Amino acid sequence: MRVVSRAECLINKLCGRGSLSKKELAYLLSRRISAGDERLLFRRADSLRGSHAGDGIIVRGIVEFSNICRNRCVYCGLNSGNVRLRRYCMTTEDILVCARTIYKSGIRSIVLQSGESASIRAEWLAEVIKRIKKLYPAAITISAGERSRSDYALWKKAGADRYLLKIETTCADLYRRLHPGMKLKTRLLCLRALKELGYQTGSGCITGLPGQTAESIAEDLLFFRRFGMGMISIGPFIPHPRTPLSACAPADTVSVLRAIALARLLNPCAHIPVTTALRRSSAREAYKALECGANVVMFSFTPAVFRRLYDLYPGRSKARFDAGRELDGLRAYAARTDRKLDFSRGDFNPLAQKSPVFKTGKFH
Ligand code: 5AD
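Description of the structure in this document. Given the structure is predicted, the values throughout are model-derived calculations rather than measurements. (Residues numbered from 1 in each chain as written. Predicted model: local features only at pLDDT ≥ 70, side-chain atom pairs only at ≥ 80, totals over all residues. Heavy atoms only, no water.)

## Quick notes on the site of the ligand
Around the ligand, the structure places Y75, C76, K166, E168, I206, P236, F237, I238, L312 and Y313. Relative to its free-state accessible area of 400 Å², the ligand is covered by the protein chains to the extent of 87%. Judged by the fraction of its atoms near the pocket grid, the ligand is located in the largest cavity. For the shell around the ligand, a count of residues per class yields eight nonpolar, no polar and two charged. (Near = heavy atom within 4 Å. Areas by Shrake-Rupley, 256 points an atom, 1.4 Å probe, with all protein chains shown as cover. 1 Å grid on protein atoms, 1.4 Å probe; cavity = no way out; pocket = protein on both sides within 12 Å on 5 of 7 lines; lining within 4 Å. Sits in = over half its atoms within 2 Å of the grid points. Nonpolar A, V, L, I, M, F, W, Y, C, P; charged D, E, K, R; others polar.)

Encoded structure:
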């Protein structure tokens, strides 16, 4: 008679009910599960990705239009304390050139990302969004941090379809230590406002942060589910030399893959990217993510002069990562694995996925 492990029982329970308790999820994130059970977890997540999100690998193009940031997040190379980093904000014309390159590559999903700063004027970004929309009909995702509800509303009206605001961690204590002067509550209110305004809303977390526990990551995953996130971005912590966490150990990439697999099993229809942090820390694990739940890859179209300065973590900004060459690599991977690249808008359909948030209007 075959003995069924606790992990296998939990994986079956998760697939049957669509959810688990925080403690149970934490167990599946812990080192206690065997290599065989981990393979099972990945297989199940991969199969659910196929049945609910499809076989396409959605390709998005990102423009990192400014590295100016007022925050002091202790893990991030863009933190305002990093005074040696030269700051930039691309002009409207520069951004339009990038949007054209993305559109000409066939990609219909454009992400505009920046640090968080009042110097990025809401009216200016609204104008950029409008001009892109008029010239290049594609979905636009904005990722510019915490802003007022009226700024979010202005960008939505200008044509933005999605907003990405990572929660980083849902543990209030850890959040406070990582983000001096910031509050988890504010971020939650921003996410709520974005959802109410009709954005396809995305969030995510970092795994392997100093002081983070498996329970805390499990709580993040449950939060994404309760909220009904359309996009869930999970990446490993990579220490940056010019931050207070420079001497900390990097995350192990396998735990990121487990978190991605669990995110998929909890959110069957969500779009889950292979985060750039994962691609930079291990190319092999990056492709592996596409086999355990992830279904999106984002390529940077930021001009090399600026990309060098978008220095979130080491390896992020290397100019040698050319979007065209990377796209060829992904195309070859897709051909090998019988999948196809999907250049469409890649919308999230909330109605396809049952989520408590749509019934109760509450998420936390
Ligand atoms: N390691 C991993 N991810 C990081 N980010 C910023 N700094 C790091 C780091 N050192 C991620 C955060 C942020 C996104 C833009 O980059 O999750 O939301």
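## Quick notes on the side chain of N67
Looking at the element boundaries, N67 is found in the loop between strand 1 (56-66) and helix 4 (92-104). Its relative accessible area of 0% is what places N67 among the buried residues. Aside from chain neighbours lying at most four places away, what touches N67 is L78, L85, R86, R87, Y88, L309 and Y310. (Helix = DSSP H or I, 4+ residues; strand = E, 2+ residues; numbered from the N terminus. Buried < 20%, exposed > 50% of the residue type's maximum accessible area, 1.4 Å probe, protein only. Contact = heavy atoms within 4.5 Å.)

## Here's the deal with helix 8 (residues 184-196)
Along its 13 residues, helix 8 runs 19 Å from first to last C-alpha, staying within 8% of the 18 Å computed at 1.5 Å per residue. Taken residue by residue, helix 8 has L184, R187, L188, C190, L191, A193 and L194 as its buried positions. If you follow the buried residues of helix 8, they end up packed against helix 6 (149-158), strand 4 (162-164), helix 7 (172-178), strand 5 (200-207) and helix 9 (214-227). At the C-terminal side of helix 8, G198 shows a positive phi close to 95°. (Expected span 1.5 Å × (residues − 1).)

## Some points on the pattern of salt bridges
In total, this model carries 25 salt bridges according to the counting rule given. As a salt-bridge pair, E93 and R131 come within 3.4 Å of each other at their nearest N and O atoms. Note that E93 is positioned in helix 4 and R131 in helix 5 (residues 122-135), a separation of 38 residues in sequence. Two residues, D151 and R147, come together in a salt bridge whose shortest N-O distance is 3.0 Å. Under the relative-accessibility criterion, D151 is labelled buried at 15%. Residues participating in the shared-partner salt-bridge network are K133, D161, R162, R345 and D347. (Salt bridge = Lys/Arg side-chain N within 4 Å of Asp/Glu carboxyl O.)

## Quick look at the packing of aromatic side chains
What describes a pair of aromatic rings is the distance from one ring centre to the other and the angle between the planes of the rings. Counting across every chain of the model gives 10 aromatic pairs. Aromatic side chains W155 and Y163 sit 6.4 Å apart centroid to centroid with 5° between the ring planes, which places their arrangement in the stacked category. Judged by relative accessible area, W155 falls into the buried class, the value being 0%. According to the relative accessible area criterion, Y163 is buried, its value standing at 0%. The interplanar angle of 55° and the centroid separation of 5.9 Å between the aromatic rings of F223 and F224 together place this pair among those described as tilted. Residue F223 shares its accessibility class with F224, and that shared class is buried. Put simply, the rings of Y152, W155, Y163 and Y199 touch in pairs and so form one group of aromatic residues. Looking at R6, its charged tip hangs above the ring of Y27, at a distance of 4.4 Å from the centre. In this structure, K156 packs its charged tip against the face of Y199, placed 5.8 Å from the ring centre. (Phe/Tyr/Trp six-rings, centres within 6.5 Å; stacked < 30°, edge-to-face > 60°. Lys NZ or Arg CZ within 6 Å of the ring centre and 35° of its normal.)

## What about the state of the cysteines?
Among covalent bonds in proteins, the disulfide is the one between the sulfur atoms of two cysteines. Using the criterion set out here, one finds zero disulfides in the structure. Of all cysteine sulfurs in the structure, the one in C9 sits closest to C15, which takes part in no disulfide; the separation is 12 Å. This cysteine, C292, is not joined by any disulfide, and C15 carries the nearest cysteine sulfur, 14 Å off. According to the relative accessible area criterion, C292 is buried, its value standing at 0%. (Disulfide = S-S within 2.5 Å.)

## Description of the side chain of S300
You can see S300 is positioned in strand 8 (residues 296-300). Only 3.3 Å separates the side chain of S300 from the backbone nitrogen of T302, close enough to count as a polar contact. With sequence-adjacent residues up to four places away left out, S300 is seen in contact with I62, E64, R307 and A323. (Polar contact = N/O pair within 3.5 Å; in protein donor to acceptor, adjacent residues only side chain to side chain.)

## A short note on empty space enclosed by the protein
If you walk through the whole model with that rule in mind, you get three cavities of 30 Å³ or more. Taken together, 37 residues line the largest cavity, and the ones lying closest to its centre are Q113, K166, E168, Y310 and L312. Elements with a contribution of two residues or more to the lining of the largest cavity: strand 2 (109-114), strand 6 (231-236), strand 7 (273-274) and helix 11 (276-281). With three residues, strand 6 is the single largest residue contributor to the lining of the largest cavity. Taken as a whole, the second largest cavity spans an internal volume of roughly 90 Å³. Taken together, the elements giving at least two residues each to the lining of the second largest cavity come down to strand 6 and strand 8. A class-by-class count of the residues in the lining of the second largest cavity yields six nonpolar, three polar and one charged. (Points joined across faces, edges and corners; volume = space filled by probe spheres on them.)

## Observations concerning the nonpolar core
One broad trend across soluble globular proteins is that nonpolar side chains are buried collectively. Membership of the largest hydrophobic core comes to 118 residues, with the highest contact counts inside it found for L112, I132, I142 and W155. Leaving out residues up to four positions away in the same chain, W155 has contacts with A122, L125, A126, I129, I142, A144, R147, A160, Y163 and Y199. (Core = buried A, V, L, I, M, F, W, Y, C linked by side-chain atoms within 4.5 Å.)

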